[in-house]
Protein chains: 2
Amino acid sequence: MREAGKSNRYNIRVVDRAISVLNVLADGKPRTLTELSKEIEINSSTTFRLLATLLSHNLVQQEDSTGQYRLGLACLELARAYNTGDEIRRAALPVLEALRNVTKETVHLAVLDELEIIYLEKLEGLHAIGLMSSRVGRRAPAYCTGIGKVLLAQIDSDLVASQLKNITLKQYTDTTIVDEGELLAHLVLVRNRGYALDLGEHENDVRCVAAPVFDQTGKTVAAISVSGPKDRIDPTESNHLLIEQTTEAARTISGQLGYQNTITSSREDQNAEDH
Amino acid sequence: MREAGKSNRYNIRVVDRAISVLNVLADGKPRTLTELSKEIEINSSTTFRLLATLLSHNLVQQEDSTGQYRLGLACLELARAYNTGDEIRRAALPVLEALRNVTKETVHLAVLDELEIIYLEKLEGLHAIGLMSSRVGRRAPAYCTGIGKVLLAQIDSDLVASQLKNITLKQYTDTTIVDEGELLAHLVLVRNRGYALDLGEHENDVRCVAAPVFDQTGKTVAAISVSGPKDRIDPTESNHLLIEQTTEAARTISGQLGYQNTITSSREDQNAEDH
DNA sequence: AAACGTTTCTCATTAAATGAAAACCCACTG
DNA sequence: CAGTGGGTTTTCATTTAATGAGAAACGTTT
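Keep in mind that this is a model prediction, so the values were computed, not measured.

### Observations concerning unusual backbone geometry
Residue and element names in this part refer to chain B. One non-glycine residue, asparagine 58, lies in the positive phi region at around 65°. Turning to its location among the elements, asparagine 58 is positioned in the loop between helix H3 (44–56) and strand E1 (60–62). Backbone geometry places lysine 104, a non-glycine residue, at a positive phi of 65°. Mapping lysine 104 onto the fold places it in the loop between helix H5 (87–103) and strand E3 (106–113).

### So, the interface of chain B and chain A
If you look at the interface, chain B gives 60 residues, while chain A gives 61 residues. Between chain B and chain A, a total of about 5,200 Å² is buried, with carbon and sulfur atoms accounting for 66% of that surface. Considering only the surface of chain B that becomes buried against chain A, B:Leu76, B:Glu77 and B:Tyr82 emerge as the three largest contributors, covering 13% of it. Our count for the chain B to chain A interface comes out at 3 salt bridges. The closest approach of N and O atoms between B:Arg139 and A:Glu77, which form a salt bridge, is 2.7 Å. For the pair chain B and chain A, the number of links is 11 residue pairs in polar contact (both at pLDDT 80 or more). The set of elements that each furnish at least two residues to the side of chain B that touches chain A consists of helix H1 (13–25), H3, strand E2 (69–71), helix H4 (74–85), E3 and strand E4 (116–123) of chain B. Counting residues per element, the side of chain B that touches chain A draws most heavily on H4(B), which supplies 12 residues. Here the side of chain B that touches chain A is composed, by residue class, of 30 nonpolar, 15 polar and 15 charged.

### Regarding the environment of A:Asp231
Residues and elements named next belong to chain A. Relative to the elements of secondary structure, aspartate 231 occurs in the loop between strand E8 (220–229) and helix H9 (239–256). For aspartate 231, a relative accessible area of 66% puts it in the exposed group. Along the primary structure aspartate 231 and proline 94 are separated by 137 residues, whereas in three dimensions their C-alpha atoms are 27 Å apart.

### Regarding the pairing of strand E7 (residues 206–214) of chain A
Residues and elements named next belong to chain A. With 9 of 9 residues buried, E7 is to be regarded as a mostly interior element. Here strand E6 (residues 196–199) pairs with E7 via 4 bridges, running antiparallel. Bridge pairing in E7 links aspartate 198 to cysteine 208. Hairpin connection of E6 to E7: 6 residues between the antiparallel strands, including glycine 200 at a positive phi of 70°. With 9 bridges connecting them, E7 and E8 associate as antiparallel partners. In the strand pairing of E8, valine 209 is matched with valine 226. Remark: 5 residues form the turn of the hairpin made by E7 and E8, two consecutive strands paired antiparallel; glycine 218 in that turn has positive phi of roughly 90°.

### Regarding the protein's contact with DNA strand C
Neighbouring DNA strand C are 17 residues; A:Thr34, A:Phe48, B:Tyr10, B:Asn43 and B:Thr46 lie closest to it. Looking at DNA strand C alone, sugar and phosphate atoms form 82% of those within 4 Å of the protein. A:Leu33 is positioned with one of its backbone polar atoms (N or O) 3.2 Å from a phosphate oxygen of DNA strand C. With respect to DNA strand C, the side chain of B:Tyr10 contributes an N or O atom lying 2.5 Å from a phosphate oxygen. Residue classes in the surface near DNA strand C are distributed as 6 nonpolar, 6 polar and 5 charged.

Criteria and thresholds
Residues numbered from 1 in each chain as written. Chains lettered and ligands numbered in written order. Predicted model: local features only at pLDDT ≥ 70, side-chain atom pairs only at ≥ 80, totals over all residues. Heavy atoms only, no water. Helix = DSSP H or I, 4+ residues; strand = E, 2+ residues; numbered from the N terminus. Contact = heavy atoms within 4.5 Å. Buried area = accessible area lost by both parts, 1.4 Å probe. Salt bridge = Lys/Arg side-chain N within 4 Å of Asp/Glu carboxyl O. Polar contact = N/O pair within 3.5 Å; in protein donor to acceptor, adjacent residues only side chain to side chain. Nonpolar A, V, L, I, M, F, W, Y, C, P; charged D, E, K, R; others polar. Buried < 20%, exposed > 50% of the residue type's maximum accessible area, 1.4 Å probe, protein only. Pairing = 2+ DSSP bridges. Near = heavy atom within 4 Å.

Okay, structure coming up:
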């Protein structure tokens, strides 16, 4: 999604073009054929045919007042299908449910894509809802979210460092880590601890605890978090319980995925309780 | 989704093919290149290229243990995008939230596609959850669900009758209406009442009340429902409240969409309380 | 009803998609 | 460990099928 989407050697041009139509429409703004054709720089005849094709499969639909094109219902169906095929989400869901109910706070499941995370699941907390900007399918920066940091921490440090060269660390709030060196050092800490905290680094009064989920092969495949407003999520003392609950839930999910936490590939960090 | 998806005159073949790959994978079952290529009857070279293209846009991804292909994360992102652009859902969400909280039961928003409904939104009831088979993006038959019936009831009766010719009404439970004549008569009743009941016609002990949502032009664009187990949702007396709550919520949403319920196109059915 | 902007359609050109088949890569098996 | 077989990746020549130009149809506005 977004950007061009690298055209690999074998890509079929029309398909690339069709997908770029979808990606353009993915900002939610409906467009006319002409607008689209200009935006993606494709001849209007071709755009017409692309739209006709997508239309016939319900991947786009036409607003019937204006005739403008928007994404279609088939997108929802694909997502449903994605979810049912997603082993991680399936394993996680009941555990997340329990975690939400015991903490009463909002719980997330997300994966990493480059330097961003994508939310796979969100269970609203039992207090006032709709306060957080996260949505299933939405992206958020990795370097300033609990889930993001815990996932970055599992990746080879040099790799992260080289990827960081491509972006600038935006200072969302006054706790956001914007210094690369500081971030890398922090990630080491996160890795050793086995969990990450987010002290309002992305959204000012949202705090969270996040922990990684491993699969059979020991690879980090996702992470979970519990988040809430700063006045309920305390970064220091009472957190011990929350951290324990979160990491325990993550361990349970990992277990479901076949992860054996006995003898792991990586050496240190296996002495569970060092926080 | 499903079936072939009529190839209109202007459809671009490769794009059709690419989409059929997605549709095949939409059952959640991962496949190898060869399996896919056989299933959709496309030369394996071409399938390879299709997959490469979809892969590069994250619409499909490869399981890294087996190398099999499944739907990818971009599907989630498209759905997110679809939702944010969806005016109906946006207008409905807060009202549904309120309706769920006051009834404490599961609330749905869905639209009609031919003789099936597709769920746009589901808010779980506040009792035990996960009992219903509905999911956002999933389809369900229209003729035996509250939402479905209320939507069918708004369509020209002859049109519905002719569409019904193409399917057989499966007897899901012993209250399912399987006789076409009876169904059509029932739909007239539903239309006049302005709401539909589902007395376990699809899932044995799920009952529901559903009401239609209209847009600016008076067209029926969606429907909402409140559903719960048969021991909590009473079809007769105490229902009056629930029916009133449901239809009122639907009216509110319609209002948000610009519907003026003063002078409506259709004549009768405007004397609200005839149940 | 004229003028404009957009969408739909036709057609000839040729780029780009295609399938056959070869090369390559693994995982098994003897 | 060589040999076999199934799958995947790559090449290449053929020709289909995608393409853009432009014309026609449509609809909206002045």
